[in-house]
Amino acid sequence: MRSTLSRLIPSVGRFYTPLPLVRAFHEYDEFASLSRRRYVPPNFAEIRHVINIAQVHAIAEKLALVTFDADGTIYSDGHHIERDNKMIAHIIKLMQRGIHVAILTAAGYPGDPTKFEDRFSGLLSAFEELELASRVTRYFQVMGGECNYLLRVNNKYRLEFVPDDMWKSKDMLEWSEEGIEELLDEAQGALQSASARLNLPVHFVRKPRAVGVIPKVSTIYEVLEEMALTVQVHLVESKLPFCAFNGGSVFTFFDFRFNFDVFDHLGNKSIGLGALMKYLGKKPYETLHVGDRFTVSGNDSAARSKCAVLWVANPEETGFFARLLHNDIRLAQLTLYIE
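Residues numbered from 1 in each chain as written. Predicted model: local features only at pLDDT ≥ 70, side-chain atom pairs only at ≥ 80, totals over all residues. Heavy atoms only, no water.

Asker: Give me the lowdown on the pattern of salt bridges, citing residues and values where you can.
Answerer: Tallied over the entire structure, the rule returns 16 salt bridges. A salt bridge links arginine 158 to glutamate 117; the shortest N-O distance between them is 2.9 Å. Residue arginine 158 is located in the loop between strand E4 (149-153) and strand E5 (159-161), and its partner glutamate 117 is located in helix H5 (residues 113-119); the two are separated by 41 residues in the primary sequence. Accessibility expressed as a relative area gives 40% for arginine 158, which makes it partly exposed. Residue glutamate 117 is classed as buried on the basis of its relative accessible area of 9%. Three or more residues joined by partner-sharing salt bridges are found here, namely Asp69, Lys269 and Asp300. (Salt bridge = Lys/Arg side-chain N within 4 Å of Asp/Glu carboxyl O. Helix = DSSP H or I, 4+ residues; strand = E, 2+ residues; numbered from the N terminus. Buried < 20%, exposed > 50% of the residue type's maximum accessible area, 1.4 Å probe, protein only.)

Asker: Can you lay out the packing of helix H2 (residues 21-32) against helix H3 (residues 44-59) for me, pointing to particular residues and giving the numbers?
Answerer: Orientation of H2 relative to H3, taken along the N-to-C sense of each, is 130°, at an axis distance of 8 Å. With respect to each other, H2 and H3 are oriented oblique. The handedness of the crossing between H2 and H3 comes out as right-handed. Of the residues in H3, those touching H2 at Leu21, Arg23, Ala24, Phe25, Glu27, Tyr28 and Ala32 are Glu46, His49, Val50, Ile51, Ile53, Ala54 and His57. Partitioned by chemical class, the residues of the contact of H2 with H3 number nine nonpolar, two polar and three charged. (Axes fitted to C-alpha atoms, helices over the stretch in contact; angles between N-to-C directions. Parallel < 35°, antiparallel > 145°, perpendicular 65-115°, else oblique. Left-handed = near helix turned anticlockwise from the far one by under 90°. Contact = heavy atoms within 4.5 Å. Nonpolar A, V, L, I, M, F, W, Y, C, P; charged D, E, K, R; others polar.)

Asker: So what's going on with the packing of aromatic side chains? Residues and values would help.
Answerer: Taken as a whole, this structure holds eight aromatic pairs when the rule is applied. With centroids separated by 5.0 Å and ring planes inclined at 75°, the aromatic side chains of tyrosine 109 and phenylalanine 116 adopt a geometry described as edge-to-face. On the accessibility criterion, phenylalanine 116 (0% relative accessible area) is buried. Aromatic side chains phenylalanine 320 and phenylalanine 321 sit 5.0 Å apart centroid to centroid with 80° between the ring planes, which places their arrangement in the edge-to-face category. Among the residues examined, phenylalanine 320 registers a relative accessible area of 40% and is labelled partly exposed. Here phenylalanine 321 falls in the buried class, since its relative accessible area comes to 4%. Here the aromatic residues Tyr109, Phe116, Tyr149 and Phe161 are joined through ring pairs into a cluster of three or more. (Phe/Tyr/Trp six-rings, centres within 6.5 Å; stacked < 30°, edge-to-face > 60°.)

Asker: Any details on the domain arrangement of the protein? Residues and values, ideally.
Answerer: In many reports, interface size means the accessible area that the parts give up when they come together. When its domains are assigned, the protein resolves into domain 1 (50-168 + 268-336) and domain 2 (177-266). Here the C-alpha centre of domain 2 lies 26 Å away from the C-alpha centre of domain 1. Counting residues at the interface gives 18 residues for domain 1, matched by 19 residues for domain 2. Across the domain 1/domain 2 interface, buried area totals approximately 1,300 Å², and carbon plus sulfur atoms make up 52% of it. Our count for the contact surface shared by domain 1 and domain 2 stands at zero salt bridges. The interface formed by domain 1 and domain 2 contains four residue pairs in polar contact (both at pLDDT 80 or more). Classifying every residue of the side of domain 1 that touches domain 2 by side-chain character gives seven nonpolar, seven polar and four charged. (Domains from an automatic or database assignment. Buried area = accessible area lost by both parts, 1.4 Å probe. Polar contact = N/O pair within 3.5 Å; in protein donor to acceptor, adjacent residues only side chain to side chain.)

Asker: Residues and numbers for H3, please.
Answerer: Between its terminal C-alpha atoms H3 stretches 23 Å, which fits the 22 Å expected from 16 residues at 1.5 Å a residue. At the N-terminal end of H3, a side-chain oxygen is found 3.1 Å from the backbone nitrogen of alanine 45, two or three residues along, and the residue is asparagine 43. (Expected span 1.5 Å × (residues − 1).)

Asker: Please give an account of unusual backbone geometry that cites residues and values.
Answerer: At glutamate 146, a residue that is not glycine, the phi angle is positive and equals roughly 70°. Turning to its location among the elements, glutamate 146 is positioned in the loop between strand E3 (140-144) and E4. The buried category is assigned to glutamate 146, whose relative accessible area is 0%. Phi is positive for tyrosine 157, which is not a glycine, with a value near 60°. By the element assignment, tyrosine 157 lies in the loop between E4 and E5. By relative accessible area, which is 17% here, tyrosine 157 ends up buried.

So, in structure tokens, the structure goes:
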């Protein structure tokens, strides 16, 4: 709290492990020539890469739990995990090493595990094809609706809900249905007001623990960002925790950009991650969350309060850091064996 860094950047937040930043810088410098460039300074993505490399090196030896965001992190926005997804091998290898792997997604389907299975069908098929033993599959979980549903793999390689009283915190179990409805009503009102102000026709989606909009016409990222921030400001005094985020995936078709969805969920990934860590008995310094949305309107930001994080931009970056992580784990185990 009295460090020079905290004085220079009061909002810097927490670090749960020491970070070998000099080592990481030299490694990245070999590839990107940061120190040898005269006219082009390091950009934000390059600084992000250096910190990610340092975080992987720092946590590999003690890693016990890895959580991944879904869309934009382990598969492209709007897609599912297909059988040919390269992250499948990385996830299974982590599980075989005795490291818990969980996917934290905003998608929520109360009472219907089959819809979660559709999203992760390629991964579950791989479990079955490889005939992974229950001693391995027990290391895999899915957290849905940000923090509202926890699922595990049964002996038939299907997903099943974990009973709420086994993993939810006391505060989560005390959330009242009346309070939840009030929160969602206020969020929906804010979305209606914002869409009218921005002249954007939208389709509303209301779920038991979430409400959101899908634009009926093409729009741009900044418009959805405005809607997400509008909800955040409107609910700032809410008694219940929430996550209002811009989940817009973007693709270009000639000169038009298309974006999809802004959602508000009960709870957030900080609450879900905290409950999962307690359920599995894991500490912040041995837990790593990997995600692509750590901006003000992103739903991964809340995870930074619970554990170490990696900020990636796409599934290809996730794959790169997964390979680096496996290599560091292997080297750490080899060193222990030699000693």
